[in-house]
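Residue strings, one per chain:
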Amino acid sequence: MSNVDQVYSPGLLVYADRVQANLDRMIEMAGGAYKLRPHVKTHKMPAIVELSIASGITRFKSATIAEAEMTAEAGAVDVLLAVQPVGPNIGRFVKLIQRYPGCAFSCLVDDLSVLASLEAAFELAGLRGSVWIDIDVGMHRTGIAPNDSATELVRSIQTSDHVRLAGIHVYDGHLHDTDSEKLRRQFDEAVKPFWIWFEDIQRASGGQLNLVAGGTPTSAFWRANAQARQVKVETGAGTTVLWDAGQPTFSPSMPFTAAAVVLTRVISRPTEFDVCLDLGHKAIASEMPLPRVSWLNFDADHEVVGHNEEHMVLRTKQPCQLRCGDVLYGVPVHICPTVALHQHAECVRDHRAIEKWPVVARNRMLSI
């Protein structure tokens, strides 16, 4: 980067041309922008929402009410809050709908008691809210199994005066493998009960249900399954817009490019083998096992021997030539929580950092 001396470290760089290239590939692979509902939790930036909208993407997913608000403020017309709101977040969700009448908001539900709370809140506000039933196909994080309980939930929504069934949502984040055929077998086994249930529900409903399904590794399988059954499916994956160093280790090969890079500097050389960087837990996601970054301009044989709040210590096998102030660039192993650690990203075009892109939705609360 030609003006790296003007960029503070640790920092996050986002390459706008690579973001656009990834969006173009996402649209091509999905078969059209209207078949995408990318998850904004990956980037949390209005600038990337705006690029997505300019590319024809109109529907999005979010993980928090703040992300949903950020996305609507950036111009989106359809946002799915991909979580079941509970407690005071139900009231916040209602306020979100009221604040942005030009955006169609919806949320997930997997529990009858929460459905009742949502219905009461919508009735009090004089609204008819939209919900997606969250189906669990084996991840056991959220959702309801595709069985009689899920069917009861569907019927409760269909008889409600203040809640509308937007469709069915499935996230299968437990399914991943670099071998496409192995992953396909895992996928087929996991979703078999779902398709039986889904087709029964569709027949009983007398119409086609909308479906948002899949993480990055399985998105192609969902599209193929849905096409074979003449079902419309929206791909809800989000990592593809920025990509990272971790995704290729548990996904089949995909044509995406790392569009986000961390910048760090050497801040100390305590020994000829030890290098201390300013890339601590507060600058790169630390929930993954070490190493948490894949270096682009450092290939010396080394290991990470320390990772603390503000420091990362590398130990090389041979005496290291790095000096204090030297810059290293690396691709995070997990980009989504890494982005959330930064107040802004430096937007890079033509090898220069040209402007700051605020990471607006790293905050849990904006105006609502």
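Thresholds, definitions, all that
Residues numbered from 1 in each chain as written. Predicted model: local features only at pLDDT ≥ 70, side-chain atom pairs only at ≥ 80, totals over all residues. Heavy atoms only, no water. Salt bridge = Lys/Arg side-chain N within 4 Å of Asp/Glu carboxyl O. Helix = DSSP H or I, 4+ residues; strand = E, 2+ residues; numbered from the N terminus. Buried < 20%, exposed > 50% of the residue type's maximum accessible area, 1.4 Å probe, protein only. Contact = heavy atoms within 4.5 Å. Axes fitted to C-alpha atoms, helices over the stretch in contact; angles between N-to-C directions. Parallel < 35°, antiparallel > 145°, perpendicular 65-115°, else oblique. Left-handed = near helix turned anticlockwise from the far one by under 90°. Nonpolar A, V, L, I, M, F, W, Y, C, P; charged D, E, K, R; others polar. Pairing = 2+ DSSP bridges. Arc of directions from axis to C-beta. Polar contact = N/O pair within 3.5 Å; in protein donor to acceptor, adjacent residues only side chain to side chain. Phe/Tyr/Trp six-rings, centres within 6.5 Å; stacked < 30°, edge-to-face > 60°. Lys NZ or Arg CZ within 6 Å of the ring centre and 35° of its normal.

Chemist: Would you take a moment to explain the pattern of salt bridges for this structure?
Modeler: Any two side chains of opposite charge can pair, on the condition that their charged atoms come close. Across all of its chains, the model carries 12 salt bridges by this definition. A salt bridge links glutamate 234 to arginine 37, with the nearest nitrogen and oxygen atoms 2.6 Å apart. Placement of the pair is glutamate 234 in strand 8 (residues 233-235) and arginine 37 in the loop between helix 1 (16-30) and helix 2 (46-54), with a sequence separation of 197 residues. According to the relative accessible area criterion, glutamate 234 is buried, its value standing at 12%.

Chemist: Sorry, what's going on with helix 2 here?
Modeler: Think of an α-helix as 3.6 residues a turn; residues three or four steps apart then line up on the same face. Taken as a whole, helix 2 has its buried residues at Pro46, Ala47, Ile48, Val49, Leu51 and Ser52. Lining the buried residues of helix 2 we find helix 1, strand 2 (59-62), helix 3 (65-73) and strand 16 (352-358). Of the residues one or two after helix 2, glycine 56 is the one with positive phi, at around 105°.

Chemist: Teacher, can you tell me more about the packing of helix 4 (residues 89-99) against helix 5 (residues 112-125) here?
Modeler: For any two helices packed against each other, one specifies the crossing angle of their axes together with the interaxial distance. One can describe the packing of helix 4 onto helix 5 by two numbers: an axis separation of 10 Å at closest approach and a directional angle of 40°. Of the possible angle classes, the one that applies to helix 4 and helix 5 is oblique. Our pair here, helix 4 against helix 5, has a crossing hand that is right-handed. Residues Ile90, Phe93, Val94, Ile97 and Gln98 of helix 4 lie in contact with helix 5, whose contacting residues are Ser117, Leu118, Ala121, Phe122 and Ala125. Residue classes in the contact of helix 4 with helix 5 are distributed as eight nonpolar, two polar and no charged.

Chemist: Would you mind going over the sheet that holds strand 8 with me for this structure?
Modeler: Within a sheet, adjacent strands bond to each other through the backbone by hydrogen bonds, running parallel or antiparallel. Across the sheet, seven strands lie side by side as 2-3-4-5-6-7-8; this open sheet has parallel pairing. Looking at strand neighbours, the two that pair on one side only are strand 2 and strand 8, the edges of this open sheet. Ignoring strand direction, the axes of neighbouring strands in this sheet form an average angle of 30°. Looking at chain direction, strand 3 (residues 78-81) and strand 4 (residues 104-109) are connected through four bridges and run parallel. Counterpart to leucine 81 in the pairing with strand 4 is cysteine 107. Helix 5 contacts strand 4, strand 5 (129-135) and strand 6 (163-170) of the sheet and is inclined by roughly 155° relative to strand 4. Where helix 6 (residues 148-158) meets the sheet, its contacts fall on strand 4, strand 5 and strand 6, and the angle it forms with strand 5 comes to roughly 175°.

Chemist: I'm lost on helix 6 in this one. Help?
Modeler: Within the span of helix 6, buried status applies to Ala150, Thr151, Leu153, Val154 and Ile157. Each buried residue of helix 6 sits inside an arc of 155° when the element is viewed along its axis, so together they form one side. Exposed side of helix 6, more than 90 degrees from the buried face: Asp148 and Arg155 are the residues found there. Among the residues of helix 6, the N-terminal cap falls to asparagine 147, whose side-chain oxygen and the backbone nitrogen of serine 149 are separated by 3.0 Å.

Chemist: Which parts of the structure should I look at to understand the packing of aromatic side chains?
Modeler: By convention here, two paired aromatic rings are described through the distance between centres and the angle between planes. A full pass over the atoms with the stated rule returns 11 aromatic pairs. With centroids separated by 5.5 Å and ring planes inclined at 35°, the aromatic side chains of phenylalanine 194 and phenylalanine 198 adopt a geometry described as tilted. Of the two residues, phenylalanine 194 and phenylalanine 198 both sit in helix 7 (residues 180-205), four residues apart, roughly one turn of that helix. On the basis of relative accessible area, phenylalanine 198 is assigned to the buried category, the value being 0%. Between tryptophan 195 and tryptophan 222 the ring centres are 5.8 Å apart and the planes differ by 50°, which places this aromatic pair in the tilted class. Placement of tryptophan 195 in helix 7 and of tryptophan 222 in helix 8 (residues 219-228) is noted, with a sequence separation of 27 residues between them. Per residue, the accessibility class of tryptophan 195 equals that of tryptophan 222, and both read buried. One cation-aromatic arrangement involves arginine 18 over tyrosine 15; the distance from NZ or CZ to the ring centre is 4.2 Å.

Chemist: I'm lost on the side chain of glutamine 202 in this one. Help?
Modeler: Note on placement: glutamine 202 falls in helix 7. The buried category is assigned to glutamine 202, whose relative accessible area is 17%.

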